[in-house]
Structures are given as C-alpha cells and as structure tokens.
Amino acid sequence: MCDPGVEPWPLRHLVLRTPRLTLCPDDDAGLHELAALALRGVHPPEEMPFLTPWTDQAPDDLVRTSMQYFWRARARLTASDWSVHFLVRHDGRVIGNQELSGKEFAITREVSSGSWLGIAHQRHGYGTEMRAAVLLLAFDHLNATIARSGAFTDNPASLRVSEKLGYRTDGANTSARRGTAATEIRLVLQPSHFVRPKWMLQVDGLDGCLRLLGAG
Ligand SMILES: CC(C)(COP(=O)(O)OP(=O)(O)OC[C@H]1O[C@@H](n2cnc3c(N)ncnc32)[C@H](O)[C@@H]1OP(=O)(O)O)[C@@H](O)C(=O)NCCC(=O)NCCS
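Everything in this summary refers to the structure shown in the same document.

Definitions and limits used
- Residues numbered from 1 in each chain as written.
- Predicted model: local features only at pLDDT ≥ 70, side-chain atom pairs only at ≥ 80, totals over all residues.
- Helix = DSSP H or I, 4+ residues; strand = E, 2+ residues; numbered from the N terminus.
- Rg over C-alpha atoms; globule rule 2.2 N^0.38 Å.
- Buried ≥ 20, exposed ≤ 12 C-beta atoms within 10 Å, placed from the backbone.
- Contact = placed C-beta atoms within 7 Å.
- Near = placed C-beta within 6 Å.
- Axes fitted to C-alpha atoms, helices over the stretch in contact; angles between N-to-C directions.
- Parallel < 35°, antiparallel > 145°, perpendicular 65-115°, else oblique.
- Left-handed = near helix turned anticlockwise from the far one by under 90°.
- Core = buried A, V, L, I, M, F, W, Y, C linked by C-beta atoms within 7 Å.

**Side note on the overall build of the chain**
1) Next: Looking only at helices and strands, one finds 5 helices and 9 strands in the chain.
2) Next: Seen in sequence order, the chain has helices and strands lined up from the N terminus as β-β-α-α-β-β-α-β-α-β-α-β-β-β.
3) Next: Computed over its C-alpha atoms, the radius of gyration of the chain comes to 17 Å, within 12% of the 17 Å expected for a compact globule of 216 residues.
4) Next: Dimensions of the chain, computed from the C-alpha atoms along their principal axes, are close to 50 × 45 × 30 Å.
5) Next: For the chain, with 216 residues in total, the buried portion stands at 31%.
6) Next: Counted over contacts in the chain with a minimum sequence separation of 6, partners at least 24 positions apart contribute 63%.

Okay, structure coming up:
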C-alpha cells in the first residue's frame, strides 16, 4: 500500500483552463475517448502532418499503438526528460491532444510542443487556444525561456497557429515521410515575442508537479 501522504502521480491534479477549453494530463478513460476521436479522422488521407504516420494504421492497431504511445510517455517520465500529453476538452468532450515536453528542463529552460485536434474540431481557434495555454504554463509558471515547435511546409494550419503566437523560423530539417522527403520548418519562441492571448489562464494543481518537471 502507498503511504496515503505520498502522491505517486501529481499530474493527475493538474488542470489548465482557458475560456473555452480544459486541459488535463492524460488518463486512461480520456485516452479511450482520444483514440475514438482519432478513428473519426485527424486529417484528410492524402495529407500527412506527422513524421510518424500513426494515422495510416488499421483501426485496431491505431487504437492500441496510440494507447501504448501515451502509456510509454507516462512510464518514462522523469524530471530530466518529460513529455506531458494534455487531453483537450470542450464542453466535457475530448477534442484533441496538446503535448508539452522538456529535456533537462532545470538547466535548459526549453520546452517543445506538438498537438492535434479531431478533424471536426479544427478551424475554430481551438488549436491556437490550447497551444497558448501550454505556452502560458511554460513561460509564466515553469519559467521556461524558449519554446520550440515545428511543422511540415505543407501544413499551413499549424504554421499559422505558430505565426499567430509569435514564433519565428529557426531553420529546417529534411525527413523521410511516407517514404519521400519532406521539409519541416523549425520554430522558436521567446517570452518577449509571445503574442499573448487577451484571456488569463487558470492553473490548478501545479505545485505538486513542479519537482517532477524539473521546475521546482
Ligand atoms: C494544426 C491544428 C492543431 C490547428 O488547430 P486549429 O484549431 O485548426 O487552428 P486555429 O483555428 O486556431 O488556427 C488555424 C489557422 O490556420 C489557418 N488555416 C487553416 N487551414 C488552412 C489552410 N489550409 N490554408 C491556410 N490557412 C489555413 C486558419 O485560417 C487559422 O488562421 P487565422 O486565425 O489567421 O484565420 C489542427 O489543424 C490539426 O489538428 N491539424 C491536424 C494535425 C496537425 O497538423 N497537427 C500539427 C502537426 S505539426
């Protein structure tokens, strides 16, 4: 039995609230909902916004490997290498995933992000709102000094979200995507260039997570 005074997973208490969205680190019930959302589609089949083409899989494989991906991230999480997957909810329903990660964060003060929304929920401003939420968490609550992201050149929606929030380009990588070369634009944002939203982020349950994220 755990000592009742010891919290093994403080991230389960973390909640970020924006005007329209709630972001909580993943739990199994939410992951089932997220996988069902992914099965309903994340992008048109002729497009591939992800380096690892996980959305090309057969439904059974997609659900299982997605769950394994998130479980792996939870199981491997340490203060020196963490990746938190926030389930994004609107009106209580999971509409997407917003990742925030850090390597040696206590030293680097750098975070990276990645995200997706179910196709039915895109182009309503949620992508910008959820990325802004984790940037506010990173800059204002974790004392990050750099945020990184990236998107393929043929992903105008993601590039536009980054542009709206103030990211600048920081070079490019060539990757093999679905067996052909694709160019990924690297993006970087410093707090002074962050185009802040007009709303305030409400953060609950962070205190117990700070040490776990190398931010204590
Ligand atoms: C990328 C993603 C998270 C953005 O979320 P979103 O809710 O659609 O984004 P927003 O509505 O906040 O903003 C999108 C912006 O891109 C613009 N945009 C969207 N599609 C576009 C297109 N095909 N061409 C040009 N601009 C486009 C929108 O007009 C909007 O800009 P605006 O506010 O200036 O009008 C979402 O589209 C998504 O999940 N895509 C599939 C997965 C993906 O690409 N993930 C990112 C991998 S790097």
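**A closer look at the site of the ligand**
1) Next: Looking at the ligand, there are 20 residues lining it, with Pro49, Gly127, Thr128, Ala157 and Arg160 nearest.
2) Next: Counting only elements with at least two residues in the shell around the ligand, the list comes to strand S5 (110–117), helix H4 (126–141) and helix H5 (156–165).
3) Next: Here the element with the most residues in the shell around the ligand is H5; it accounts for 5 residues.

**Focus on the packing of helix H1 (residues 28–39) against helix H2 (residues 59–76)**
Each pair of packed helices can be summarised by the angle the axes make with each other and by the distance between the axes.
1) Next: Packing of H1 against H2 brings their axes to within 10 Å, and their N-to-C directions diverge by 140°. In terms of their interaxial angle, H1 and H2 are classed as oblique. Of the two possible hands of crossing, H1 and H2 adopt the one that is right-handed. Within the contact between the two elements, H1 uses Leu31, Ala35, Ala38 and Leu39 and H2 uses Pro59, Leu62, Val63, Ser66, Met67 and Phe70.

**Things to note about the nonpolar core**
1) Next: Counting 44 residues, the largest nonpolar core has Leu23, Phe86, Val88, Ala133, Leu135 and Ala138 as its most contacted members.
2) Next: Elements supplying a minimum of two residues to this core: strand S2 (22–25), H1, strand S3 (81–90), strand S4 (93–103), S5, H4, H5 and strand S8 (180–189).
3) Next: Per element, the largest residue contribution to this core is 10 residues, and it comes from H4.
4) Next: When sequence neighbours within four positions are dropped, the list of residues in contact with Val88 reads Leu21, Leu23, Val94, Ile95, Gly96, Asn97, Gln98 and Met130.

On their own, these measurements won't tell you what the molecule is for.
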